[in-house]
Amino acid sequence: MRVGVLTGGGDCPGLNAAIRAIVRRGIDGHGHEILGFRDGWRGPLDDDWSELNVESTAGILPRGGTILGTSRTNPFKRDGGERIVRERLDTLALDGLIAIGGEDTLGAAARLHDEAGLPVLGVPKTIDNDLGATDMTFGFDTAVHVATEAIDRLHTTAESHNRILVVEVMGRHAGWIALHSGLAGGADAILVPERPFDVEKVCDLIRRRHSRGRYFSIVVVAEGAVPAEGTMQTLEGASDEFGHLRLGGIGQQLGPEIEERTGFETRVTVLGHVQRGGTPTAYDRVLATRLGVAASDAAQGGRWGVMPALRGSKIELVALRDAVSELRLVPPEEYEIAETFFG
Ligand code: F6P
């Protein structure tokens, strides 16, 4: 069997572990030949690929990023994109394609399978942890570790200077990274996209801390957090090929607002791509490896249109379309746990 593999969307720690698992299980377990496409969906569209083998994937398990490169190319935004992908699979004599990605990459994979009948299956990844049908995506654990370590560091300097520190974390329209890093780092307020915030209430929490003799505060804000209507003005950014807003900037808008309203010195740290780069945690390496092995087995069994997912502690195959039909957002009861520690 000949199987293609690609990584699309934002990179994340654990991608190389997943690629290695697909190669090792595919070649040693099933006798597959594996082609790696470059830069997500751009690879099949532009005929950019190379053969992957045990030697070329040796030593990549602990490395962040992706040896295949990635992009936010949308095959449905290219003229004849769907036809080109089909022809590429034919001319390269591929039996199928494994797309490792998040909402956008897997959304394209689901359409290529469901609408065009192409033999495609997916592997879920994203630091945002926002994919449906799986309990967790790899990349998330590493991002939370990085953000938590940053919050710990910011705590000591905030306390020394009696400052308010606003920390902006990634996560798109889901507040998972903010919630988990904020909880683990003991944040005094956590603002998530799922719950529009009132800046005056945030200021009240900070004032309450001051009245209790705590002269510093840490406010974790998810990049997708939005103020409740009519409470604060914000700016909008540009969009990508999938029509998603390029987020980031809410921290910079929130910091001065808090300083003006409370009179307390406020500084802003935007963690940005630091959360996405570098060595994956052991948890992410193991999850990515389990998913990669399951994807290779699914390809061997001709199970296209699916994605291996973490369900409880088990890996199960679910329909690709279920993973992308609805974002997995922070439920109110989980946010309420964090609220216990605000202010
Ligand atoms: O989806 C992963 C993610 O890191 C989001 O959290 C963030 O909004 C986005 O990607 C940033 O994308 P880019 O690297 O293209 O700026």
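Residues numbered from 1 in each chain as written. Predicted model: local features only at pLDDT ≥ 70, side-chain atom pairs only at ≥ 80, totals over all residues. Heavy atoms only, no water.

## Section: the side chain of glutamine 275
Formally: Each helix corresponds to a stretch of at least 4 residues labelled H or I by DSSP, and each strand to a stretch of at least 2 residues labelled E; elements are numbered beginning at the N terminus. Summary of the burial criterion: residues with accessible area below 20% of their type's maximum are buried, those above 50% are exposed, and those between are partly exposed, where the area comes from a 1.4 Å probe applied to protein chains only. Any pair of N or O atoms that falls within 3.5 Å is considered a polar contact. Within protein, one atom must be able to donate a hydrogen and the other to accept it, and sequence-neighbouring residues count only if both atoms are side-chain atoms. Only heavy atoms enter the contact rule, under which two residues are in contact if any of them lie within 4.5 Å.
In this fold, glutamine 275 is placed in the loop between strand 9 (266–270) and helix 9 (282–300). The exposure class of glutamine 275 is buried, given its relative accessible area of 0%. A distance of 2.9 Å separates a polar side-chain atom of glutamine 275 from the backbone nitrogen of methionine 170. The contacts of glutamine 275, once residues within four sequence positions are left out, are Ile127, Ala143, Val146, Val169, Met170 and Ile177.

## Details of the environment of isoleucine 100
Note that isoleucine 100 resides in strand 4 (residues 96–101). In sequence terms isoleucine 100 and glycine 40 are 60 residues apart; their C-alpha atoms lie 8.5 Å from each other. Contact partners of isoleucine 100, with chain neighbours within four places excluded, come to Val5, Leu6, Thr7, Gly8, Leu15, Ala18, Ile19, Ile22, Thr105, Val123, Lys125 and Phe138.

## Points about the nonpolar core
Put simply, the rule reads: Nonpolar core, defined: a set of buried Ala, Val, Leu, Ile, Met, Phe, Trp, Tyr and Cys residues in which side-chain atoms within 4.5 Å join the residues together.
Counting residues in hydrophobic clusters, the biggest one holds 58 residues, and the most contacted among them are Ile98, Ile100, Phe138 and Ile218. Leu6, Leu35, Leu112 and Met307 belong to the second-largest nonpolar core, a separate cluster that totals 26 residues.

## Quick look at the environment of alanine 294
Mapped onto the fold, alanine 294 is located in helix 9. On the basis of relative accessibility, which here comes to 16%, the residue alanine 294 falls in the buried class. For the pair alanine 294 and glycine 26, spaced 268 residues apart in the sequence, the C-alpha separation amounts to 10 Å. Non-local contacts of alanine 294, meaning those with residues more than four positions away in its chain, are made with Pro308 and Ile315.

## A word on the site of the ligand
The condition is simple: Near residues are defined by distance, with any heavy atom within 4 Å of the molecule or strand qualifying the residue. Each accessible area is a Shrake-Rupley result for a 1.4 Å probe, and residues are judged covered by the shown protein chains and nothing else. Definitions used for this entry: grid spacing 1 Å over protein atoms alone; cavity, a set of points where a 1.4 Å probe fits but cannot get out; pocket, an open set with protein on both sides within 12 Å along at least 5 of 7 lines; lining residue, one with an atom within 4 Å of a point. For a cavity or pocket, the test is whether more than half of a molecule's atoms lie within 2 Å of its grid points; if they do, the molecule sits there.
The immediate surroundings of the ligand are formed by Arg72, Ile127, Asp128, Met170, Gly171, Arg172, Glu223, His273 and Arg276. For the ligand, an oxygen atom lies 2.5 Å from a polar atom in the side chain of glutamate 223. For the ligand, an oxygen atom lies 2.8 Å from a polar atom in the side chain of arginine 276. A total of 400 Å² of accessible area belongs to the ligand in isolation, and the protein chains cover 80% of it. Because more than half of its atoms lie within 2 Å of the grid, the ligand is assigned to the largest pocket.

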